[in-house]
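Topology and contacts: notes
Take a look at the letters that make up each chain.
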Amino acid sequence: MIVHIYENKDQASLAAASLFCACILSKPDAVLGLATGSTPIETYQQLIDMHQSGLLDFSGCTSFNLDEYVGLSADHACSYHRFMKEQLFDHINMKKTHVPSGDAKDLLEEAGRYDKEIEAAGGIDIQFLGLGQNGHIGFNEPDSVFHYGTQIVNLTKSTIEANKRFFKADEKVPTQAISLGAGGIMKARKIVLVALGETKAEAVRAMVTGELDPQVQASILRIHPDTVILLDPQAASLL
Ligand code: F6R
C-alpha cells in the first residue's frame, strides 16, 4: 500500500485522474472500476478535461461501477446510474458502461450476473475507491467477514445518514444496496483509493495502521499488491 498526502483535495483528485490516465494510455482497452459519491467528482472532471483536450480516449474502455441502491430505477434522480451519466458518461466516449441493477426482479441473480460480466470482460484493470466514514469500500459495511462476490447489503445507520445529503428532505433514503464484495474489489489489478476531509480521518487511520479487520473493510487493501492511497491533509490528520 503506497500512501501519498497532498496539499489539498484538488491535488489528490488530479493524482487519481493521472493514474487512470496512465493506465488507459498504456492499455487503451482497459476495464475501469468506478465509484460514486462526492469523492470522485473532481477526479471525473479531470478525466473529462483530459478527454476534451484530446489527451485521453475512452473509446476502447469498458467500465463497471461498484454499487447501486436497491429499489431505485436507473432513471431515478438519486440512482448511481444517473449520477454516473451526469458526472462522467455523458461527457466522454466510453465504449461500454455497466452499473448493477438495483431494481432487478431477482437481485441475487443480478449479483451473480454482474460478477460473471466482470470476469468475461477480463477483470478490472484499475479500480477507483472512496472510503466510508466507517471504513466501508463499495457498500461493504463493517462485518465479521469479508464477502467475496457481489452481494445485497443492509446499509448501516451512519451510511444512510451520510447519504441523506443526496436525497430530497421528504424522500426515503434506501436502506439496501447491491455492491461488489470486498473480494471482488481485491481482484482489481490496481486500486486507487481517495479519501478527503476530516470525517474520513479515523477510517484512514484504521485502514492504514490498524489490524486486518472486517469491521474496517478497507483494511483488506493492506494485502493487495498494488494499492495507492491519495489523501488530503485533513483525511491524513490521524496518521
Ligand atoms: C460509492 C461507494 C462508497 C463511497 C463512500 C464515500 O460508489 O462505493 O463506498 O465511496 O461511501 O462516499 P463519499 O465519496 O460521498 O464520501
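The structure this text deals with has already been given above.
Turning next to the site of the ligand. Around the ligand, the surrounding shell holds 14 residues, and the nearest of these are Thr-39, Asp-67, His-136, Gly-138 and Lys-200. Between the ligand and the protein, one listed contact pairs an oxygen atom with a side-chain N or O atom of Asp-67 at 2.6 Å. Across the complex, the protein chains shield 93% of the 410 Å² of accessible surface that the ligand would expose by itself. Per-class residue counts for the shell around the ligand are three nonpolar, eight polar and three charged.

In this section: the pairing of strand S3 (residues 62-65). Neither face of S3 is exposed, since Thr-62 and Phe-64 on one face and Ser-63 and Asn-65 on the opposite face are all buried. Of the pairings in the sheet, the one linking strand S2 (residues 31-34) to S3 comprises four bridges and is parallel in character. Paired with Leu-34 across the two strands is Asn-65, which belongs to S3. Following the chain from S2 across helix H2 (residues 41-52) to the adjacent parallel S3, one finds a crossover that is right-handed. Both S3 and strand S5 (residues 96-98) contribute to a ladder of three bridges, which runs parallel. Residue pairing for S5: Ser-63 is matched across the bridge by Thr-97.

Here we take up H2. Along its 12 residues, H2 runs 16 Å from first to last C-alpha, staying within 8% of the 16 Å computed at 1.5 Å per residue. What H2 keeps buried is the set Thr-43, Tyr-44, Leu-47, Ile-48, Met-50 and His-51. Across the axial projection of H2, the buried residues extend over an arc of 160 degrees, all falling on one side. Contact partners of the buried residues in H2: helix H1 (9-26), S2, helix H3 (80-87) and strand S6 (126-129). Gly-54 sits one or two residues past H2 and shows a positive phi near 90 degrees.

Cut-offs applied
- Along each chain, numbering runs from 1 in the same order as the chain's sequence is written.
- Per-residue local features are limited, in this predicted model, to residues with pLDDT of at least 70; the limit for side-chain atom pairs, both in listing and counting, is 80 or more; totals at the level of whole chains, interfaces and linings are taken over all residues.
- Derived side-chain values reflect all non-hydrogen atoms in the structure, with water molecules and hydrogen atoms excluded from consideration.
- Definition of nearness: a residue and a molecule or strand are near each other if at least one heavy atom of the residue lies within 4 Å of the molecule or strand.
- Two N or O atoms form a polar contact when they lie within 3.5 Å of each other; inside protein one atom must be a possible hydrogen donor and the other a possible acceptor, and for residues adjacent in sequence the pair counts only when both atoms belong to side chains.
- Surface accessibility in these figures is a Shrake-Rupley result with a 1.4 Å probe; residues are shielded only by whichever protein chains are displayed.
- Polar here means any residue other than Ala, Val, Leu, Ile, Met, Phe, Trp, Tyr, Cys and Pro, which are nonpolar, and Asp, Glu, Lys and Arg, which are charged; Gly is therefore polar.
- Three labels apply to residues, based on accessible area from a 1.4 Å probe with only protein chains included: buried if under 20% of the type maximum, exposed if over 50%, partly exposed otherwise in between.
- Helix and strand definitions here come from DSSP, where helices need a minimum of 4 consecutive H or I residues and strands a minimum of 2 consecutive E residues; each element is numbered from the N-terminal end.
- Two strands form a pair only when DSSP identifies at least two bridges running between them.
- Throughout, right-handed denotes a crossover for which the path from the first strand over the helix to the second runs clockwise when the strands point away from the viewer.
- Expected span of a helix, by definition, is 1.5 Å for each gap between consecutive residues, and there is one gap fewer than residues.
- This arc is built from the directions going out from the helix axis to the C-beta atoms.
- We call two residues in contact whenever any of their non-hydrogen atoms come within 4.5 Å of each other.

In short, shape yes, function no, at least from these values alone.
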